[in-house]
Amino acid sequence: MAGVTLCLINQKGGCGKSSTCFHLAGAFAGLGYSVLAVDADPQGSLSQGFFGSDEIENLPPEETLAAIFDESTFFIDRKQLIRETDFENISVLPTNQHLAAFNAPTPESSGMIQYSLRDALEEVGDYDITLIDCPPNLYQCSWNAMIAADFVVIPVPPEDFGTQGLRAVHQCIDNARRLNPNLRRLGHLITRYDKRLLVHRSYEARLRTLYEEMALNTVMPEVSAFKVALACRQPVEVYAPKSKAALSMRRLVDELMTRIASRKNQKTMA
Ligand SMILES: Nc1ncnc2c1ncn2[C@@H]1O[C@H](COP(=O)(O)OP(=O)(O)OP(=O)(O)O)[C@@H](O)[C@H]1O
Ligand SMILES: [Mg+2]
């Protein structure tokens, strides 16, 4: 399979971007795909999920994603930034607080820096799946991710009734498509869903009415296994492969792969 790059974007905080990225990496890897998990969020949650906070917070900038944005470290071989994990088929390009200095709030028209991540990923070689976790804003890091990616997934919490936030995300994707016409939307992923709550069921119904097939059929349930597995630094596919959480992630992989295949056949659809 030719490599595919997915980014997870939403300016809403705590909606499950990093959790989805972490466990999705495990689900893809479990199916035998080689996965590169790129942490493009200065909070470093994805990196900490794999390696723990002590190790990640103590990394010097030249051993993190910050190196690709800094003129003084442009010479560094991008391959050296990648760290192997304890899990077969999962590698990580880690990040910590040093990235914050480069997450400028107005990334558009910022010159070649917009292409830093795209160029770095071209250098690091072939992975079947590259997943990019983004911060809860649409600044330079998310912008770089959209310029580098083939597909965008938008995790949404089922309580976010203001449509303004999602509209801004879609506007930003449209803007990024001017620089990266290959970028396509895979869909909205409802996360942290509790079907017992009327408010969640109403939100789901409303999202499906408003966005129709743009809303993914798979929904990520709010289940403690995701949290517990992350705290144990294991994707749920490894920690509890028979759990509802692991099953949901595998369903998501199936649906994403089906959508990726169909989007590739419809070159013009965005
Ligand atoms: N489906 C889920 N079930 C239970 N807990 C979840 C689920 N998804 C995420 N969480 C938990 O919710 C919290 C926020 O999730 P996460 O860090 O993935 O959000 P985020 O969108 O990456 O946040 P930020 O915007 O700060 O980067 C974490 O503690 C995570 O473990
Ligand atoms: Mg996060």
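Data block above holds the structure.
Residues numbered from 1 in each chain as written. Chains lettered and ligands numbered in written order. Predicted model: local features only at pLDDT ≥ 70, side-chain atom pairs only at ≥ 80, totals over all residues. Heavy atoms only, no water.

**Q** So, the side chain of Glu255: which residues are in play, and what are the values?
**A** Mapping Glu255 onto the fold places it in helix H10 (residues 244-265). Residue Glu255 is classed as buried on the basis of its relative accessible area of 10%. For Glu255, the contacting residues outside a window of four places in its chain are Leu216, Asn217 and Thr218. (Helix = DSSP H or I, 4+ residues; strand = E, 2+ residues; numbered from the N terminus. Buried < 20%, exposed > 50% of the residue type's maximum accessible area, 1.4 Å probe, protein only. Contact = heavy atoms within 4.5 Å.)

**Q** I'd like a rundown of the site of ligand 1, residues and numbers included.
**A** Residues in contact with ligand 1 amount to 18 residues; listed here are only the nearest, Lys17, Ser18, Ser19, Arg192 and Pro221. Here a nitrogen atom of ligand 1 sits 2.8 Å away from a polar atom, N or O, in the main chain of Pro221. When ligand 1 is considered free in solution it has 620 Å² of accessible area, and contact with the protein chains removes 84% of it. At the level of secondary structure, the elements contributing two or more residues to the shell around ligand 1 comprise helix H1 (17-30) and helix H8 (224-231). Partitioned by chemical class, the residues of the shell around ligand 1 number six nonpolar, six polar and six charged. (Near = heavy atom within 4 Å. Polar contact = N/O pair within 3.5 Å; in protein donor to acceptor, adjacent residues only side chain to side chain. Areas by Shrake-Rupley, 256 points an atom, 1.4 Å probe, with all protein chains shown as cover. Nonpolar A, V, L, I, M, F, W, Y, C, P; charged D, E, K, R; others polar.)

**Q** Which residues make up the pairing of strand E5 (residues 129-133), and what values go with them?
**A** The buried count for E5 comes to five of five residues, which makes it a mostly enclosed element. By the alternation rule, side chains of E5 split into Ile129, Leu131 and Asp133 and Thr130 and Ile132, which are all buried. Both strand E1 (residues 4-8) and E5 contribute to a ladder of five bridges, which runs parallel. By the bridge assignment for E5, Cys7 is matched with Ile132. Direction of pairing for strand E2 (residues 35-39) relative to E5: parallel, over a ladder of five bridges. Of the residues in E5, the one forming a bridge with Leu36 is Thr130. (Pairing = 2+ DSSP bridges.)

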